[in-house]
Amino acid sequence: MSILSTGPISNLPVGGIRPTRTVTLKIDNRSSTDSGTVLIQGYYLNGTRTLYILELPTVGPNQVLTRTYNVNFDAYELVFTKSGVAAEQIQISVWGRDASGNLVAAHRIVSDELLGNACPTVSAVTVLGGTINTVGNVLNATISGGNLNTTVLGGTLNNLLNGTISSVLGATITAGTLNSVNQVQAATIVGGNINATVLGGTINAITGTVTVEIPSVTVTGGTLNVVESVLGATITAGTLDSVNEVQAATIVGGNINATVLGGTINAITGTVTVEIPSVTVTGGTLNVVESVLGATITAGTLDSVNEVQAATIVGGNINATVLGGTINAITGTVTVDIPSVTVSGGTLNVVESVLGATITGGNINATLLGGTLNNLLDGTISSVLGATITAGTLNSVNEVQAATIVGGTINAITGTVTVDIPSVTVSGGTLNVVESVL
């Protein structure tokens, strides 16, 4: 392994124009059989040395790589760490370019001009104290004290006691405790405790237990077995088994095997497969509802409802088949046929069709176009067209057209009878014109 560097390069503006805006790297592997890697680290120098480029490409046999980076700073430095079997066969050159893409001769560095520093491989050693600033490769080493200011490119770190890791790239952590982690990229943590504050980035999966509050997070997959409280979270997939409290959360996918004890669910776009004993639904569409107990639905659409108990529906559309129970009041409009129902109170303003209905109270402001009216108790019929009345009493009739009356009592006739009455008893009143009496 070897480490190469451009050294610090001044890039101060001249006449208000910075000489170099970008650098182009040319990396080639002269080996025809072996591969190697190049760790590319870029720093801008502004009073402090700040890392802003970090890349680890693999260079295959006879491969040539090109990389372009922004260096629009007063000063910068590039460091290259070559590793692998073909490390000594890899060459690197750096080419500065101005804003127009033209080469800047002062910032041209070919392979032989790079500052070189080689570190031999240490196969087995015990370091008891002190500081190791740069480590090229460590094999089977025990470090019992001191500081390691180093980048670990691979291998296994069995145990870190009371230390600090600033950045982890592509690591697998199998045990131990991480107290504070600045940045983790592509890491798998299979054991131990993480006492960390995660300020950003993506956590692909958590298979352990999280015991602290997460104030704002996006969960894209996996299973959350027990969640104490969720504040301002977006959950796009996965499974929530038990949730005590959810505040300002958007759940756009996955399964929620949870008991929701309070709060407001603004919208549900998936499927709810459990009973909801008491809830207020303020909008949206419920496609299939097995059972609703003690619910208030203020808007939206119910497409199919199997059972509704003690529900108040104050708005929206119900495209439902109600198989049982009691509807206390309907203040909206029913646009479908109701084949068999008992209406115990209220007013039906317009009824399209009634089949096999029992109406025990209330007012019917309706026009009956057909069928049979078996019994009308203490009501009023204003007009009868083409009706057959088989029993009962008509106290006062304004108009009867094409009716057959086969029984009962007509207390008064105030109009004109123009047909034969084969057999009748007239107990009072005046017959002005009688054609024939048989």
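Here the structure is a predicted model, which means the values were calculated and not measured.

## Things to note about a nonpolar patch on the surface
Alright, step 1. Side chains of Ile-405, Ile-410, Ile-413, Val-417, Val-419, Ile-421, Val-424, Val-426, Leu-431, Val-434 and Val-437 sit close together on the surface and give an oily, nonpolar patch of about 1,000 Å² of accessible area.
Alright, step 2. The topology assignment puts Val-437 in the segment after strand E43 (409-410).

## So, the sheet that holds strand E26 (residues 250-251)
Alright, step 1. Here we have three strands laid out as an open sheet, ordered E22-E24-E26, and parallel in their pairing. Strand pairing shows two members of the sheet lacking a second neighbour, strand E22 (218-219) and E26, which therefore form its edges.
Alright, step 2. Bridge analysis of strand E24 (residues 234-235) against E26 gives two bridges, and the strand direction is parallel. Bridge pairing in E26 places Ile-235 opposite Ile-251.

## Digging into the environment of Asn-11
Alright, step 1. Among the secondary structure elements, Asn-11 is positioned in the loop between strand E2 (9-10) and strand E3 (22-29).
Alright, step 2. Measuring from C-alpha to C-alpha, the distance between Asn-11 and Ala-75 comes to 5.1 Å, with 64 residues separating the pair along the chain.
Alright, step 3. If we skip the residues at most four places from it in the chain, Asn-11 touches Arg-18, Pro-19, Thr-20, Val-71, Phe-73, Asp-74, Ala-75, Tyr-76 and His-107.
Alright, step 4. From its side chain, Asn-11 meets the backbone oxygen of Val-71 in a polar contact 3.1 Å long.
Alright, step 5. In terms of polar contacts, Asn-11 uses its side chain to reach the backbone carbonyl oxygen of Phe-73, at 3.1 Å.

## Considering the sheet that holds E3
Alright, step 1. The strand order across the open sheet built from four strands is E7-E3-E9-E10, with neighbouring strands paired in antiparallel fashion. At either margin of the open sheet sits one strand with a lone partner, and together these are strand E7 (64-70) and strand E10 (103-109). Averaged over all neighbouring strand pairs, the angle between strand axes comes to 20°, with direction disregarded.
Alright, step 2. By the bridge criterion, seven bridges tie E3 to E7 in an arrangement that is antiparallel. Each bridged residue has a counterpart across the sheet, and for Lys-26 the counterpart in E7 is Thr-66.

## Quick look at the environment of Ala-186
Alright, step 1. Along the chain, Ala-186 turns up in the loop between strand E19 (183-185) and strand E20 (188-189).
Alright, step 2. Since its relative accessible area comes to 69%, Ala-186 is described here as exposed.
Alright, step 3. Residues Ala-186 and Thr-172 lie 14 residues apart in sequence; the distance between their C-alpha atoms is 8.7 Å.
Alright, step 4. Beyond its immediate stretch of four places on either side in the chain, Ala-186 contacts Gly-170 and Ala-171.

## Thoughts on the nonpolar core
Alright, step 1. With 20 residues, the main nonpolar core has Ile-27, Val-38, Ile-40, Phe-80, Ile-92 and Val-94 as its most contacted residues.
Alright, step 2. Secondary structure elements with two or more residues in this core: E3, strand E4 (36-45), E7, strand E8 (75-83) and strand E9 (90-97).
Alright, step 3. Setting aside anything within four residues of it in sequence, one finds Phe-80 in contact with Ser-2, Ile-3, Leu-4, Thr-6, Leu-25, Val-38, Leu-39, Ile-40, Ile-92, Val-94 and Leu-114.
Alright, step 4. Judged by nonpolar contacts, the second largest core, of six residues, contains Val-219, Val-227, Val-230 and Leu-240.

## Details of the packing of aromatic side chains
Alright, step 1. In total, this model carries three aromatic pairs according to the counting rule given.
Alright, step 2. Ring geometry for Tyr-44 and Tyr-52: centres 5.8 Å apart, planes at 55°, overall tilted.
Alright, step 3. We classify Tyr-52 as partly exposed; its relative accessible area is 28%.
Alright, step 4. Between the aromatic rings of Tyr-44 and Phe-73, the centroid separation amounts to 4.8 Å while the plane-to-plane angle is 25°, which identifies the pairing as stacked.

## Focus: the pairing of strand E5 (residues 49-55)
Alright, step 1. Examined bridge by bridge, E4 and E5 share six bridges and lie antiparallel to one another. Its bridge partner being in E5, Tyr-44 is matched across the sheet by Thr-50.
Alright, step 2. Between the end of E4 and the start of E5, which pair antiparallel, lie three residues, with Gly-47 showing a positive phi angle near 85°.

## Some details on the side chain of Thr-6
Alright, step 1. Structurally, the position occupied by Thr-6 is in the loop between strand E1 (2-5) and E2.
Alright, step 2. If near-sequence neighbours (up to four positions away) are discounted, Thr-6 is found in contact with Glu-77, Leu-78, Phe-80, Val-94, Ile-109 and Leu-114.

## Here we look at empty space enclosed by the protein
Once rolled over the atoms, a probe with the size of a water molecule shows which space is left empty.
Alright, step 1. Here the structure, examined in full by the defined rule, presents two cavities of 30 Å³ or more.
Alright, step 2. Volume-wise, the largest cavity comes out at about 50 Å³.
Alright, step 3. Considering the residues around the largest cavity, the lining is formed by Val-281, Gly-284, Leu-286, Ile-297, Ala-299, Gly-300, Thr-301, Leu-302, Ile-313, Gly-315, Asn-317 and Ile-318.
Alright, step 4. Of all the elements in the fold, those that place two or more residues in the lining of the largest cavity are strand E31 (301-309) and strand E33 (317-318).
Alright, step 5. Quantified by volume, the second largest cavity comes out at close to 30 Å³.
Alright, step 6. The wall of the second largest cavity is formed by Ile-389, Gly-392, Thr-393, Leu-394, Ile-405, Gly-407, Gly-408, Thr-409 and Ile-410.
Alright, step 7. Looking at the lining of the second largest cavity, the elements with two or more residues in it are strand E40 (393-394) and E43.

Definitions and cut-offs
- Residues numbered from 1 in each chain as written.
- Predicted model: local features only at pLDDT ≥ 70, side-chain atom pairs only at ≥ 80, totals over all residues.
- Heavy atoms only, no water.
- Patch = residues over 30% accessible without salt bridge, like charges linked within 9 Å, V, L, I, M, F, W, Y side chains within 5 Å.
- Areas by Shrake-Rupley, 256 points an atom, 1.4 Å probe, with all protein chains shown as cover.
- Salt bridge = Lys/Arg side-chain N within 4 Å of Asp/Glu carboxyl O.
- Helix = DSSP H or I, 4+ residues; strand = E, 2+ residues; numbered from the N terminus.
- Pairing = 2+ DSSP bridges.
- Contact = heavy atoms within 4.5 Å.
- Polar contact = N/O pair within 3.5 Å; in protein donor to acceptor, adjacent residues only side chain to side chain.
- Axes fitted to C-alpha atoms, helices over the stretch in contact; angles between N-to-C directions.
- Buried < 20%, exposed > 50% of the residue type's maximum accessible area, 1.4 Å probe, protein only.
- Core = buried A, V, L, I, M, F, W, Y, C linked by side-chain atoms within 4.5 Å.
- Phe/Tyr/Trp six-rings, centres within 6.5 Å; stacked < 30°, edge-to-face > 60°.
- 1 Å grid on protein atoms, 1.4 Å probe; cavity = no way out; pocket = protein on both sides within 12 Å on 5 of 7 lines; lining within 4 Å.
- Points joined across faces, edges and corners; volume = space filled by probe spheres on them.

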